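Commentary on secondary and tertiary structure
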Amino acid sequence: MRVALFVTCVNDAVHPSTGIAVVRLLERLGVEVGFPAGQTCCGQPQYNTGYRRETEPLVRRMGRVFEGYDHVVTPSGSCAAMVRDNYPRIARKGSDPELSRVAGSLVPRMYELTEFLVDVLGVTDVGACYPHTVTYHPSCHGLRMLGLGERPRKLLEAVKGLELRELPGAEECCGFGGTFALKNAAVSAAMGEDKVRNAVSTGAEVLCGADNSCLMHIGGILHRQDAPLRALHLAEILASTEEEPHA
Amino acid sequence: MSGTYLGMPSFPEAAGKAVRDETLRGNLRHATHTIRDKRAKAVSELVDWPGLREAGKQIKDRTLRHLDDYLVQLEKSVTAAGGTVHWAADADEANRIVAELVKATGEREVVKVKSMATQEIGLNEALEAEGITAYETDLAELIVQLGEDRPSHILVPAIHRNRGEIREIFARTMSEWGRPAPEGLTDAPAELAEAARLHLREKFLRAKVGISGANFMVAETGTLVVVESEGNGRMCLTLPETLISVVGIEKTVPTWQDLEVFLQTLPRSSTAERMNPYTSTWTGTTEADGPKNFHLVLLDNGRTATLADEVGRQALRCIRCSACLNVCPVYERAGGHAYGSVYPGPIGAILSPQLRGMESEIDASLPYASSLCGACYDVCPVAIDIPEVLVHLRERAAGRGGRGHRLEKAAMKAAGWVLNHPAVLAAGEKVASKTRGLHPKRLPGASAWTDSRDLPELPPEPFRDWWKKNRT
Ligand code: SF4
């Protein structure tokens, strides 16, 4: 089984610890992980802002870079959804047969991390240990576009020492939305502040999610408000063990 | 569309103001959360909801594909049943037709059934200019009219008002329009409803002309259908001598059997009821019962243009249930007025720019009035993929140019170039990481972000460097 990590541009530049956690986690589970260096970005920021044509070269690049791998795993529901939902659309609207080829080949091989763990590897107990109180925010694209369902919760529930707290209004958008956070900053911040209020009300130490873009937005508000909890990617919790606990 | 909304500021500006209005936000949060929970319960009672949703989608799609045929059939059926059909290409034409029809009766007053189409064309204002007074009879619509306000929700136009505000509006203004509010009116719901009932009863009994919209038009029999909760609509549809219905052409369904689907999905999606309290159907005119004259004004107003767009046309499936408004986190914070149209919320964000075109500030900004969270698509009873249409329209907005979009496009192009050259990207990341001690916490120019959020601290090295060191 040849498995490639698609780390995503945000994780690469801003949250490398998440990528490192995915590598450690998968290797611990016996998976040999590859990281094709030619990878950059799935094109979601461009596409969702209305620049479809500017996205096309990135789609072709994704196709080239991940050729030959059985599975492509990414610790971002949003980027996985971009490939699965939007690449076929980009192919349909574009005139280039190469786009259709990429979409056809990449879509069935693209997995969000929790999908890969539960559906492909068939595990929910990944042998992690993380003795903290945690509340989980299911990001919209993972929740609705990918339909991750109970997978992330099942994985978290199996973590040793972890106490999962229910997040009120969990399924409401945190207000990130890519360039929405800039174009409609006031509404975006209001949504994020409500999310933070709900998270704080759980009394948890950690707000966990499977998408660092949302966590960057929520984390930025937490930081500004000096809130008593921090945002952390699910992969880093799953990578944490008794021997090598998360910092 | 209505001139009322011309000159609206762009969405971010209007929404930014609304977000700071604590009363408004409180009213909206309470109302949308209540109805959203009720709806979820009403929908979960049906085991075949996904099937009904798919059926509704397919019926609408098939009808839209052959709309020209069904409209001709509809016109024939309505005419055969004793009604008269008028075709209106745009708002002005529709308003002119209705005004002429009212004037021909010699009347100066009309009673109205709540209708999105007549709001869309600004009919009340157009009639007023001709010296004709239109009385809204739907309770929420009455509150908006008396308060000289604008509707902010499809189904609950006065959703932004609380009981105290409504009492104040009734007490202050009812006397200017007809029967005054009772002395010592309190904000108890029953008292407010009674005040409205007495005020409206006078109007129903006096009016000779009624104006309505319709939720559906059945092509095979020429029957129009209105579903409502209060029964005021039924009064307007049956008491006056002349009935004028203004309806968007996309409201056509081929047969009565098609209605079966929507009469299940509409009430559950909108008011969270298993069935709506009043379903009125009318077919042409009948001897000794109901209006003696019936006119149907078929409204285009941008609909055929919308139909021509393969992705965008799904917006015409909308049955105006307002479920998408009630789950939308952006609507909940921004309120309906910020959308600058009678169609607020997610459906407004995709319908208004299509019906009106994207020349104005507000219309060009509407496709961006969403975080693309997808909650609207999830609840839509006719499965309109609103996020898909939003992104599709963003492409059109971005292609339209303008200073902002020119800069944005240049930035996207530059970013695209870097992203297509991984070596350049890696070098840039390295520089950013190395200089991270120098990064300001609040960036000039990025204030939209840093007004309320801190930027993350950059890591000592990007992931690709870690990989190179540790795995290769
Ligand atoms: S778009 Fe769908 S959910 Fe929204 S009002 Fe129309 S039918 Fe209802």
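Reading guide: rules and limits
Residues numbered from 1 in each chain as written. Chains lettered and ligands numbered in written order. Predicted model: local features only at pLDDT ≥ 70, side-chain atom pairs only at ≥ 80, totals over all residues. Heavy atoms only, no water. Helix = DSSP H or I, 4+ residues; strand = E, 2+ residues; numbered from the N terminus. Rg over C-alpha atoms; globule rule 2.2 N^0.38 Å. Buried < 20%, exposed > 50% of the residue type's maximum accessible area, 1.4 Å probe, protein only. Contact = heavy atoms within 4.5 Å. Areas by Shrake-Rupley, 256 points an atom, 1.4 Å probe, with all protein chains shown as cover. Lys, Arg positive; Asp, Glu negative; His and termini not counted. Charge placed at Lys NZ, Arg CZ, Asp CG, Glu CD. Pairing = 2+ DSSP bridges. Polar contact = N/O pair within 3.5 Å; in protein donor to acceptor, adjacent residues only side chain to side chain. Salt bridge = Lys/Arg side-chain N within 4 Å of Asp/Glu carboxyl O. Nonpolar A, V, L, I, M, F, W, Y, C, P; charged D, E, K, R; others polar. 1 Å grid on protein atoms, 1.4 Å probe; cavity = no way out; pocket = protein on both sides within 12 Å on 5 of 7 lines; lining within 4 Å. Points joined across faces, edges and corners; volume = space filled by probe spheres on them. Near = heavy atom within 4 Å. Sits in = over half its atoms within 2 Å of the grid points. Axes fitted to C-alpha atoms, helices over the stretch in contact; angles between N-to-C directions. Parallel < 35°, antiparallel > 145°, perpendicular 65-115°, else oblique. Left-handed = near helix turned anticlockwise from the far one by under 90°. Phe/Tyr/Trp six-rings, centres within 6.5 Å; stacked < 30°, edge-to-face > 60°. Lys NZ or Arg CZ within 6 Å of the ring centre and 35° of its normal.

**What about the overall build of chain A?**
The number of helices and strands found in chain A is 13 helices and eight strands. For chain A, the C-alpha radius of gyration of 18 Å lies close to 18 Å, the compact-globule estimate for 247 residues. A principal-axis box enclosing the C-alpha atoms of chain A has dimensions of 50 × 45 × 30 Å. Residues counted as buried form 62% of the 247 residues belonging to chain A. Across chain A, every contact between residues at least 6 apart in sequence was considered, and the portion connecting residues at least 24 apart equals 79%. Total accessible area computed for chain A in this model is approximately 8500 Å², and 50% of it derives from carbon and sulfur atoms. Charge centroids of chain A, computed over 25 positive and 29 negative side chains, lie 7 Å from each other.

**As for the sheet that holds strand E9 (residues 278-283) of chain B**
The strands that make up a sheet pair up through hydrogen bonds in the backbone, lying either parallel or antiparallel. All names here are of chain B. What the four strands build is an open sheet, ordered E8-E5-E6-E9; its pairing is mixed. The open sheet has two free edges, formed respectively by strand E8 (252-253) and E9, since each of these has just one partner strand. Direction of pairing for strand E5 (residues 216-218) relative to E8: parallel, over a ladder of two bridges. Bridge pairing links Val218 to Val253 in E8.

**Considering the side chain of Glu332(B)**
All names here are of chain B. Within the secondary structure layout, Glu332 lies in helix H15 (residues 329-334). Judged by its relative accessible area of 3%, Glu332 is buried. Only 3.0 Å separates the side chain of Glu332 from the side chain of Arg36, close enough to count as a polar contact. Other than its neighbours up to four places away in sequence, Glu332 contacts Leu28, Arg29, Thr32, His33 and Arg36.

**A short note on the interface of chain B and chain A**
The interface of chain B with chain A comprises 58 residues on the first partner and 62 residues on the second. Put simply, Glu388(B) and Arg89(A) hold a salt bridge, and the shortest N to O gap is 3.0 Å. If you look at where chain B meets chain A, you find 26 residue pairs in polar contact (both at pLDDT 80 or more). A total of seven residues in the side of chain B that touches chain A trace back to one element, the largest contributor, which is helix H20 (residues 403-419) of chain B. Grouping the amino acids of the side of chain B that touches chain A by side-chain chemistry returns 27 nonpolar, twelve polar and 19 charged.

**Some thoughts on empty space enclosed by the protein**
Residues and elements named next belong to chain B. With the rule as written, the count across this model stands at three cavities of 30 Å³ or more. Taken as a whole, the largest cavity holds about 100 Å³ of empty space. If you go around the largest cavity, you meet 13 residues; those closest to its centre are Cys318, Cys321, Cys324, Cys380 and Ile384. Its residues assigned to classes, the lining of the largest cavity shows eleven nonpolar, one polar and one charged. What the second largest cavity holds in volume is close to 80 Å³. Mapped onto the lining of the second largest cavity, the elements with two or more residues apiece are H15, helix H18 (375-379) and helix H19 (386-399). Per-class residue counts for the lining of the second largest cavity are eleven nonpolar, three polar and no charged.

**What to know about helix H8 (residues 139-146) of chain B**
Residues and elements named next belong to chain B. Burial of H8 is extensive: seven of the eight residues sit out of reach of the surface. Next to the buried residues of H8 lie helix H6 (116-120), helix H7 (123-129), strand E3 (133-136), helix H9 (163-177) and helix H10 (189-206). Directly beyond the C-terminal end of H8, a positive phi value near 45 degrees is found at Glu148.

**Some words on the site of the ligand**
Residues and elements named next belong to chain B. Cys318, Ile319, Arg320, Cys321, Ser322, Cys324, Ile347, Cys380, Pro381, Val382 and Ile384 make up every residue found near the ligand. Its atoms largely coinciding with the cavity grid, the ligand occupies the largest cavity. A class-by-class count of the residues in the shell around the ligand yields nine nonpolar, one polar and one charged.

**Some points on the packing of helix H4 (residues 52-65) of chain A against helix H6 (residues 97-106) of chain A**
Residue and element names in this part refer to chain A. At their nearest, the axes of H4 and H6 sit 9 Å apart, and the two run at 50 degrees to each other. With respect to each other, H4 and H6 are oriented oblique. Remark: the crossing between H4 and H6 carries left-handed chirality. Residues Glu56, Val59, Arg60, Met62 and Gly63 of H4 form the contact with H6, whose own contacting residues are Glu98, Leu99, Val102 and Leu106. Here the residues of the contact of H4 with H6 are counted per class, giving five nonpolar, one polar and three charged.

**Regarding unusual backbone geometry**
With phi around 80 degrees, Thr8(A) is a residue other than glycine that occupies positive phi space. Relative accessible area serves as the criterion here: at 4%, Thr8(A) is assigned to the buried category. If you check the backbone angles, Glu148(B) has positive phi at about 45 degrees while not being a glycine. As for its placement among the helices and strands, Glu148(B) is situated in the loop between H8 and H9. Residue Glu148(B) is classed as exposed on the basis of its relative accessible area of 73%.

**So, the packing of aromatic side chains**
Inspection of the entire model under this criterion finds ten aromatic pairs over all chains. With centroids separated by 4.8 Å and ring planes inclined at 55 degrees, the aromatic side chains of Phe11(B) and Tyr339(B) adopt a geometry described as tilted. Taken together, the positions of Phe11(B) in helix H1 (residues 11-19) and Tyr339(B) in the loop between H15 and helix H16 (345-356) put the pair 328 residues apart, joining distant regions of the chain. Note on accessibility: Phe11(B) and Tyr339(B) belong to one class, buried. Between the aromatic rings of Phe216(B) and Phe262(B), the centroid separation amounts to 5.4 Å while the plane-to-plane angle is 25 degrees, which identifies the pairing as stacked. With Phe216(B) in strand E5 and Phe262(B) in helix H12 (residues 256-270), this residue pair connects regions lying 46 residues apart in the sequence. With relative accessibility at 1%, the residue Phe216(B) sits in the buried group. With a relative accessible area of 0%, Phe262(B) lands in the buried category. A network of ring pairs unites the aromatic residues Phe35(A), Phe463(B), Trp466(B) and Trp467(B) as a single cluster. One Lys or Arg, Arg2(A), reaches over the ring of Tyr69(A) and ends 4.4 Å from the middle of that ring.

**Here's the deal with the pattern of salt bridges**
Here the structure, examined in full by the defined rule, presents 43 salt bridges over all chains. Ionic pairing is found between Glu100(B) and Lys103(B), a salt bridge with its closest N-O pair at 3.9 Å. With Glu100(B) and Lys103(B) both in helix H5 (residues 91-105), this residue pair falls three residues apart, about one helical turn. Residue classification places Glu100(B) among the partly exposed residues on the basis of a relative accessible area of 46%. For Lys103(B), a relative accessible area of 31% corresponds to the partly exposed category. Measuring nitrogen to oxygen at the nearest pair gives 2.7 Å for the salt bridge that ties Glu194(B) to Arg197(B). Of this pair, Glu194(B) and Arg197(B) are both found in helix H10, three residues apart, which corresponds to roughly one turn of the helix. Exposure remark for Glu194(B): the relative accessible area of 34% places this residue in the partly exposed category. What emerges from the salt-bridge pattern is a single network uniting Glu172(A), Asp194(A), Arg197(A), Arg25(B), Arg36(B), Glu332(B) and Arg333(B).

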